[in-house]
Amino acid sequence: MKQTLLITGLLACLTLMTGCVSLQPIDSTVERVFTYDYQIPDKSKSDIYTAAFNFIALNYNDSKSVLRVTDAKNGLIIGKGVSVWQELGTNRHTPHDIMFAAKEGRARLQITIAGTAQASAIGGVYVWPLPTPGGYNQMVEQFNNLSNKLENELKDNSDLSKFIDF
């Protein structure tokens, strides 16, 4: 009986310790820069820039808090966003940087988990400079979904494109 309790206790401790390790932030060797290239033949730099600007404004809900630099002449958009991921039943928030460049017939989006923010609580929201491995996987999925939606927007296959084409 004592051996069973001892073994059960050891297994419980091992499980708890393993779980705590997965709650640590990703390490510095994990990829944190995600680059997406788009080919949009027959689209001008101006049209690509405008589509991306509108997409970011709608997708992030508040373009004024996200966009830091907008340069239509050079087709450049630079901003900061926040990814929301879940762990242990709670929402966690990690900032990311956004860079978008438009050229004639092509574009590039780069999203970076900078990891330079200070851990803090702002308005009751705790900011995690780097996500845990589980949070990282959720963020990568969000970035890939964002890229797919942006590509649709740039190619005029989005709901917004359909809305303004009347």
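Definitions and cut-offs
- Residues numbered from 1 in each chain as written.
- Predicted model: local features only at pLDDT ≥ 70, side-chain atom pairs only at ≥ 80, totals over all residues.
- Heavy atoms only, no water.
- Helix = DSSP H or I, 4+ residues; strand = E, 2+ residues; numbered from the N terminus.
- Buried < 20%, exposed > 50% of the residue type's maximum accessible area, 1.4 Å probe, protein only.
- Polar contact = N/O pair within 3.5 Å; in protein donor to acceptor, adjacent residues only side chain to side chain.
- Contact = heavy atoms within 4.5 Å.
- pLDDT = per-residue confidence, 0-100.
- Phe/Tyr/Trp six-rings, centres within 6.5 Å; stacked < 30°, edge-to-face > 60°.
- Salt bridge = Lys/Arg side-chain N within 4 Å of Asp/Glu carboxyl O.
- Expected span 1.5 Å × (residues − 1).
- Core = buried A, V, L, I, M, F, W, Y, C linked by side-chain atoms within 4.5 Å.
- Pairing = 2+ DSSP bridges.

Further remarks concern the side chain of His96. Along the chain, His96 falls in strand β4 (residues 90-103). Judged by relative accessible area, which is 2%, His96 ranks as buried. Within the structure, His96 has its side chain in polar contact with the side chain of Tyr60 (distance 2.9 Å). Within the structure, His96 has its side chain in polar contact with the side chain of Ser83 (distance 3.0 Å). Setting aside residues up to four positions removed in sequence, His96 forms contacts with Tyr60, Gly79, Lys80, Gly81, Val82, Ser83, Ile111, Thr112 and Phe143.

Per-residue pLDDT for the protein chain has a mean of 84; in total, 78% of the residues score no lower than 70. Overall, residues 13-21 carries pLDDT values under 50, and its contacts beyond four positions in sequence, including any with other chains, amount to zero contacts.

Moving on: unusual backbone geometry. For Asp42, which is not a glycine, the phi torsion comes out positive at approximately 65°. Counting through the fold element by element, Asp42 comes out in the loop between β1 (33-39) and α2 (45-59). Judged by its relative accessible area of 83%, Asp42 is exposed.

The description of an aromatic ring pair uses the distance of the two centres, along with the angle that the planes make with each other. Applying the stated criterion across every chain yields a total of four aromatic pairs. Aromatic side chains Phe34 and Phe143 sit 5.4 Å apart centroid to centroid with 55° between the ring planes, which places their arrangement in the tilted category. Within this pair, whereas Phe34 is found in strand β1, its partner Phe143 is found in helix α4 (residues 133-154), the two being separated by 109 residues in sequence. Per residue, the accessibility class of Phe34 equals that of Phe143, and both read buried. In textbook terms, an aromatic cluster arises when at least three aromatic residues are bridged by ring pairs, as seen for Phe34, Tyr136 and Phe143.

Moving on, we get to the pattern of salt bridges. What the rule picks out here adds up to four salt bridges. Here Asp97 ties to Lys80 by a salt bridge, and the two come within 2.7 Å at their closest N and O atoms. You can see Asp97 sitting in strand β4 and its partner Lys80 sitting in strand β3 (residues 76-87), a full 17 residues away along the chain. Overall, Asp97 belongs to the partly exposed group, its relative accessible area being 23%.

The next subject is α2. Structural remark: α-helix, 3.6 residues per turn; residues separated by three or four positions point the same way. Given a rise of 1.5 Å per residue, 15 residues ought to cover 21 Å, and the 21 Å separating the end C-alpha atoms of α2 matches this to within 8%. Buried residues belonging to α2 abut α3 (63-66), β2 (67-71), β3, β4, β5 (106-112) and α4. Asn61 lies just past α2 and shows a positive phi near 70°.

One finds Tyr38, Phe100, Leu109, Leu150 and Leu154 to be the most contacted residues of the largest nonpolar core, which totals 32 residues. Elements represented by at least two residues in this core include exactly β1, α2, β3, β4, β5 and α4. When sequence neighbours within four positions are dropped, the list of residues in contact with Leu154 reads Tyr38, Ile40, Lys43, Ile48, Ala51, Ala52, Phe100 and Ala107.

Right, let's get into the pairing of β5. The sheet contact formed by β1 and β5 spans seven bridges and is antiparallel. Following the sheet pairing, Tyr38 is matched in β5 by Ala107. In terms of strand pairing, β4 meets β5 through seven bridges, oriented antiparallel. Considered in β5, the bridge of Met99 is made with Gln110. In textbook terms, the turn of a hairpin is the stretch between consecutive antiparallel strands, and for β4 and β5 this stretch comprises two residues, one of which, Gly105, has a positive phi near 75°.

Turning next to the environment of Pro133. Within the secondary structure, Pro133 sits in helix α4. Expressed as a C-alpha distance, the spacing of Pro133 and Asp27, which sit 106 residues apart in the sequence, is 9.0 Å.

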